[in-house]
Amino acid sequence: MDVEARLDAVYAPSEDIVARSIEGELIIVPLVAGIGDFEDELYSLNETGKAVWDRLDGKKSLKEVLAELSAEFDAPAGEIEKDLIGLVEELLRRRILVAVG
Amino acid sequence: MSDRETPYVLKVSSQKASLWKKEKPLVSHLDVELTERCNNNCLHCCIALPADDLVAKKRELSTGTVRDILTEAVSLGCLSVRFTGGEPLLREDFEELYLHARKTGLKVILFTNATLVTPAFAALLSRIPPLEEIEISVYGMHKNSYEAVTRTPGSFEASWRGIHLLLERKVPFVVKSALLPQNREDVEEFEAWAATVPWMDDFPSYSVFLDLHCRRNEMKNQTIRNLRPAPEEGVEFLARRKEKYLKEVGTFCSKFIGPPGDSLFACGAGLGGACVDAYGVVQPCMDLRHSQTLYDLRKGSLKEAVTHFFPEVRKIKARNRDYLSRCARCFLKGLCEQCPARSWAEHGTLDTPVDYYCEIAHTEARVLGLLQKDEKAWEVMDWKERIRDLSQIDHGQMQRRASWT
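Residues numbered from 1 in each chain as written. Chains lettered and ligands numbered in written order. Predicted model: local features only at pLDDT ≥ 70, side-chain atom pairs only at ≥ 80, totals over all residues.

J.: So, the overall build of chain B: which residues are in play, and what are the values?
T.: Of regular secondary structure, chain B possesses 16 helices and 13 strands. Radius of gyration (C-alpha) of chain B: 22 Å, near the 22 Å computed for a compact globule of 405 residues. Taken along its principal axes, the extent of the C-alpha atoms in chain B is 60 × 55 × 50 Å. By the burial criterion, 43% of the 405 residues in chain B qualify as buried. (Helix = DSSP H or I, 4+ residues; strand = E, 2+ residues; numbered from the N terminus. Rg over C-alpha atoms; globule rule 2.2 N^0.38 Å. Buried ≥ 20, exposed ≤ 12 C-beta atoms within 10 Å, placed from the backbone.)

So this is what it looks like as structure tokens:
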């Protein structure tokens, strides 16, 4: 599986998970086997992760997401890029996120 | 919130009490009793109706209604549902309900006897895992003992076939049992086998002090009463690994001991969870079917039940004079299994002391060294001194204190 994130690519939540918002927490519940390291594992993202997740809608490229984050957090894109790529690659590796198209 | 953090993604377990940073959801767990029917006819069972009881089957919630209840629970923040029964796999729509639960983001706990597990169902569980271990009741290691309990020819082979299908597919499950005269001699063999089940990280649990029938069927209750061990016998079984028992019970007691006063609900019933029976009645606890504690879901909503009805139920105070003079003043409250559900099953009320559980709690207290022979816990004034440091107890010293007399 290709887990290298590209800025020109578009990503969306995988159909192998169910993402839920409960009491302000983003909870990612695996649907199929093999997502978690353990059978009962769920995932969550911190506030920054949630800001990224909300934008990974299968329409915007990662470059567009980066631009939006840069504007929202008033930080240079170069500073955000490493964390954005890191998060997306981890979500790809865990099959929580998939590339679209 | 997390037990294992990676740089960007937090892995969490819904078992953790600290899952929620802010408020807990209105319903974090839901029990759904899909049917009261069962394909076994266990001697000790506190619920089962015959599998072919068509009247009961007709009254059961429809597929759509169960789906709607699950969907509402999810909207209230629910993360896990327990499908129980009777035997939930008797429902022809079980697979559909299971998939609905999983696709709406629920973890599923399944209570089953495993007799109806098919290769196709095991494959489904392997592909779309429940995310919680299945709990399988195993009533004996041999056909004679097993079917002496289930009173159903062929159930032994069917259950072990189901268990092996789950093992082959690596579907996580744990096993448990009920301690009965019919399978008493199987205990060691059962525990030795259970230790080989990859997902068993402790000894299997047993139902030892059997609950009476949840619909108060007196004929059934006579059978159950005859199967119950004497308090000393049951406690001796529970405490057969004495150090482990003393540590677990001592730790538990140190947190949940002390006289409850006239508050009936010292437990968590109706707090953050709900139970739905096979016909659409919501209860704060699956065993509690007293009319004062039942909410008809067909005339309301799960949200209404948990936000308005359950809080009122939890305000109910004990009025029974015997309860007020004994249970309300008894410091063994956390040790004793007396509760509104048991009072209901035994006496049809919410607040009548159940002598059987009272004797069990007193026996356990003597084992823990909290009571002397013939002492009544509600007459003990210095109970705070007796329970002091129970959680940090020297178990060697405690073993020396512990007494069967």
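J.: With reference to specific residues and values, describe the overall build of chain A.
T.: Of the regular secondary structure elements, chain A holds 3 helices and 5 strands. In chain A, the succession of α and β elements from N to C terminus is β-β-β-β-α-α-α-β. A compact globule built from 101 residues would reach a C-alpha radius of gyration of about 13 Å, and chain A, at 13 Å, matches this within 12%. Viewed in the frame of its principal axes, chain A has a C-alpha envelope of about 40 × 30 × 20 Å.

J.: Summarise the sheet that holds strand 8 (residues 134-137) of chain B; cite the residues concerned and give the values.
T.: Consider a sheet: its strands pair through backbone hydrogen bonds, and that pairing is either parallel or antiparallel. Residues and elements named next belong to chain B. The mixed open sheet is built from 9 strands, whose spatial order is 10-9-8-7-6-3-11-12-13. Whereas interior strands pair on both sides, the edge strands pair on one side only; in this sheet they are strand 10 (205-207) and strand 13 (295-296). Direction of pairing for strand 11 (residues 273-276) relative to strand 12 (residues 281-283): antiparallel, over a ladder of 2 bridges. Bridging from a neighbouring strand, Val-276 pairs with Val-282 of strand 12. Sheet strands in contact with helix 11 (residues 302-314) are strand 11, strand 12 and strand 13, and its direction is about 125° off that of strand 11. (Pairing = 2+ DSSP bridges. Contact = placed C-beta atoms within 7 Å. Axes fitted to C-alpha atoms, helices over the stretch in contact; angles between N-to-C directions.)

J.: Explain the pairing of strand 3 (residues 29-33) of chain B to me, and be specific about the residues and the numbers.
T.: Residues and elements named next belong to chain B. For strand 3, the buried fraction is high: 4 of the 5 residues fall into the buried class. Bridging between strand 3 and strand 6 (residues 80-84) involves 5 bridges; their strand directions are parallel. Each residue of the ladder has a partner; that of His-29, found in strand 6, is Ser-80.

J.: Give a description of the confidence of the model for chain B that names residues and reports values.
T.: All names here are of chain B. Of all residues in chain B, 91% attain a pLDDT of 70 or more, and the chain-wide mean is 91. Note that residues 1-5 has pLDDT below 50 and, in this model, 14 contacts with residues that lie over four places away or in other chains. Ignoring residues within four places in sequence, the model shows residues 400-405, a span with pLDDT below 50, making 9 contacts including any to other chains. In the predicted assembly, ipTM is 0.93 and pTM is 0.92. (pLDDT = per-residue confidence, 0-100.)

J.: Please provide a residue-by-residue account of the pairing of strand 8 of chain B, values included.
T.: All names here are of chain B. Pairing geometry for strand 7 (residues 107-112) and strand 8, over 2 bridges, is parallel. If you follow Phe-111 over to strand 8, its bridge partner there is Glu-135. Here strand 8 pairs with strand 9 (residues 173-178) via 4 bridges, running parallel. The residue of strand 9 that forms the bridge with Glu-135 is Val-174.

J.: Residues and numbers for the environment of Pro-172 of chain B, please.
T.: Mapped onto the elements, Pro-172 of chain B comes out in the loop between helix 6 (155-168) and strand 9. Judged by local crowding, Pro-172 of chain B falls into the partly exposed class, with 19 C-beta atoms found within 10 Å.

J.: An account of the nonpolar core is needed here, citing residue identities and associated values.
T.: Core analysis: the biggest nonpolar cluster contains 109 residues, and Ala-73, Val-81, Ala-274, Leu-302 and Leu-332 of chain B have the highest contact counts within it. It is helix 14 (residues 355-367) of chain B that contributes the most residues to this core, 7 residues altogether. The contacts of Val-81 of chain B, once residues within four sequence positions are left out, are Leu-30, Val-32, Leu-70, Ala-73, Ala-101, Leu-106 and Val-108 of chain B. Tyr-11, Val-29, Leu-87 and Val-88 of chain A belong to the second largest nonpolar core, which has 21 residues in total. (Core = buried A, V, L, I, M, F, W, Y, C linked by C-beta atoms within 7 Å.)

J.: A description of the packing of helix 9 (residues 231-238) of chain B against helix 14 of chain B should follow, citing residues and the corresponding values.
T.: All names here are of chain B. Where helix 9 meets helix 14, the closest approach of the two axes is 9 Å, and the angle between their N-to-C directions is 50°. What the angle tells us is that helix 9 and helix 14 run oblique. In the crossing of helix 9 with helix 14, the sense of the turn from one axis to the other is right-handed. Counting all contacts with helix 9, which are made through Pro-231, Glu-232, Gly-234 and Val-235, the residues of helix 14 involved are Glu-359, Ile-360, Thr-363, Glu-364 and Val-367. Split by residue class, the contact of helix 9 with helix 14 holds 4 nonpolar, 2 polar and 3 charged. (Parallel < 35°, antiparallel > 145°, perpendicular 65-115°, else oblique. Left-handed = near helix turned anticlockwise from the far one by under 90°. Nonpolar A, V, L, I, M, F, W, Y, C, P; charged D, E, K, R; others polar.)

J.: Could you give an account of unusual backbone geometry, with specific residues and numbers?
T.: Residues and elements named next belong to chain B. Here the amide bond leading from Gly-85 into Gly-86 is cis, since omega sits at 25°, within 30 degrees of zero. With respect to the element layout, Gly-86 can be found in the loop between strand 6 and helix 3 (94-103). Here Ala-114, not a glycine, exhibits a phi torsion of approximately 70°, which is positive. What makes Ala-114 buried here is the crowd of 26 C-beta atoms within 10 Å.

J.: Account for helix 13 (residues 340-347) of chain B, with residues named and values stated.
T.: All names here are of chain B. Judged by how many residues are buried, helix 13 sits mostly within the fold: 7 of 8 residues are covered. Along helix 13, the residues classified as buried are Pro-340, Ala-341, Arg-342, Ser-343, Trp-344, Ala-345 and Glu-346. Once helix 13 finishes, Gly-348 follows within two positions and takes phi at roughly 80°, a positive value.

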